[in-house]
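Coordinate inspection notes
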Amino acid sequence: VQLVESGGGLVQAGGSLRLSCAASGLTFSMYALGWFRQAPGKEREFVAAISRNGGSTRYADSVKGRFTISRDNAKNTVYLQMNSLKPEDTAVYYCAAVPLGYGYYYSDYQRYDYWGQGTQVSVSS
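What counts as what
- Residues numbered from 1 in each chain as written.
- Predicted model: local features only at pLDDT ≥ 70, side-chain atom pairs only at ≥ 80, totals over all residues.
- Heavy atoms only, no water.
- Helix = DSSP H or I, 4+ residues; strand = E, 2+ residues; numbered from the N terminus.
- Rg over C-alpha atoms; globule rule 2.2 N^0.38 Å.
- Buried < 20%, exposed > 50% of the residue type's maximum accessible area, 1.4 Å probe, protein only.
- Contact = heavy atoms within 4.5 Å.
- Areas by Shrake-Rupley, 256 points an atom, 1.4 Å probe, with all protein chains shown as cover.
- Lys, Arg positive; Asp, Glu negative; His and termini not counted.
- Charge placed at Lys NZ, Arg CZ, Asp CG, Glu CD.
- Core = buried A, V, L, I, M, F, W, Y, C linked by side-chain atoms within 4.5 Å.
- Phe/Tyr/Trp six-rings, centres within 6.5 Å; stacked < 30°, edge-to-face > 60°.
- Lys NZ or Arg CZ within 6 Å of the ring centre and 35° of its normal.
- Pairing = 2+ DSSP bridges.

1. A look at the overall build of the chain
On a plain count of helices and strands, the chain comes out with zero helices and 11 strands. The secondary structure elements of the chain, listed N-terminal to C-terminal, are β-β-β-β-β-β-β-β-β-β-β. Expected size for 125 residues packed as a compact globule is a radius of gyration near 14 Å; at 13 Å, the chain falls within 12% of this value. For the C-alpha atoms alone, the extent of the chain along its principal axes is close to 40 × 25 × 25 Å. The burial tally for the chain puts 43% of its 125 residues in the buried class. Across the chain, every contact between residues at least 6 apart in sequence was considered, and the portion connecting residues at least 24 apart equals 60%. Summed over all atoms, the accessible surface of the chain reaches about 6200 Å², with 44% contributed by carbon and sulfur. Side-chain charges of the chain comprise 12 positive and 9 negative groups, with the mean position of each set lying 5 Å from the other.

2. As for the nonpolar core
Counting residues in hydrophobic clusters, the biggest one holds 38 residues, and the most contacted among them are Trp-35, Val-78, Leu-80, Met-82 and Tyr-93. Among the elements of the structure, β3 (17-24), β4 (31-38), β5 (45-50), β7 (67-72), β8 (77-82), β9 (91-99) and β11 (119-124) are those that each provide at least two residues to this core. Counting residues per element, this core draws most heavily on β9, which supplies six residues. Not counting residues up to four positions away in its chain, the partners in contact with Val-78 are Leu-19, Ser-20, Cys-21, Phe-28, Leu-33, Trp-35, Ile-50, Ile-69, Ser-70, Arg-71 and Cys-95.

3. Quick look at the environment of Gly-15
In this structure, Gly-15 sits in the loop between β2 (9-12) and β3. Between the C-alpha atom of Gly-15 and that of Gly-41, which follows or precedes it by 26 residues, the distance is 25 Å. Once residues lying within four places of it in the same chain are set aside, the contact partners of Gly-15 are Met-82, Asn-83, Ser-84 and Leu-85.

4. A look at the packing of aromatic side chains
Following the criterion strictly, the structure yields seven aromatic pairs and no others. Every member of this aromatic cluster is reached through a ring pair, and the members are Phe-36, Phe-46, Tyr-94, Tyr-106, Tyr-112 and Trp-115. In this arrangement the basic side chain of Arg-44 is found over the ring face of Tyr-94, its NZ or CZ atom lying 4.0 Å from the centre. One cation-aromatic arrangement involves Arg-52 over Tyr-102; the distance from NZ or CZ to the ring centre is 4.1 Å.

5. Let's talk about the pairing of β7
Along a regular strand, successive side chains alternate from one face of the sheet to the other. Across the two faces of β7 the burial differs, with Phe-67, Ile-69 and Arg-71 buried and Thr-68, Ser-70 and Asp-72 not buried at all. Of the pairings in the sheet, the one linking β7 to β8 comprises six bridges and is antiparallel in character. When the sheet's bridge partners are listed, Arg-71 is paired in β8 with Val-78. The antiparallel hairpin formed by β7 and β8 contains four residues in its connecting segment, where Asn-76 sits at a positive phi of about 55°.

Here's what the structure looks like:
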């Protein structure tokens, strides 16, 4: 199983980025997916999650209304659209996958089986 994130970069506060995570080596439509982030000196934290068919989503309070998670099962890809970025959004962003039934997802990073290598997002003030 391989998860590969892309789309990170440096952006000014108020700007937008779209992260992608391409998966291979798994039956993508059977997996719930999550985005997590980790800033220097901090623990990994939940950002967003989506169920296997995209019908259920959940967001951390800190990103609700600004970030949108989506998936394209035909392309084996999950996305994170990030708008109105703030300096406190600066972190390495990771996608993760876990096989799970319809309508379910996890916000606990320890429940996920597979992880990407991460992509850096830096937001300047």
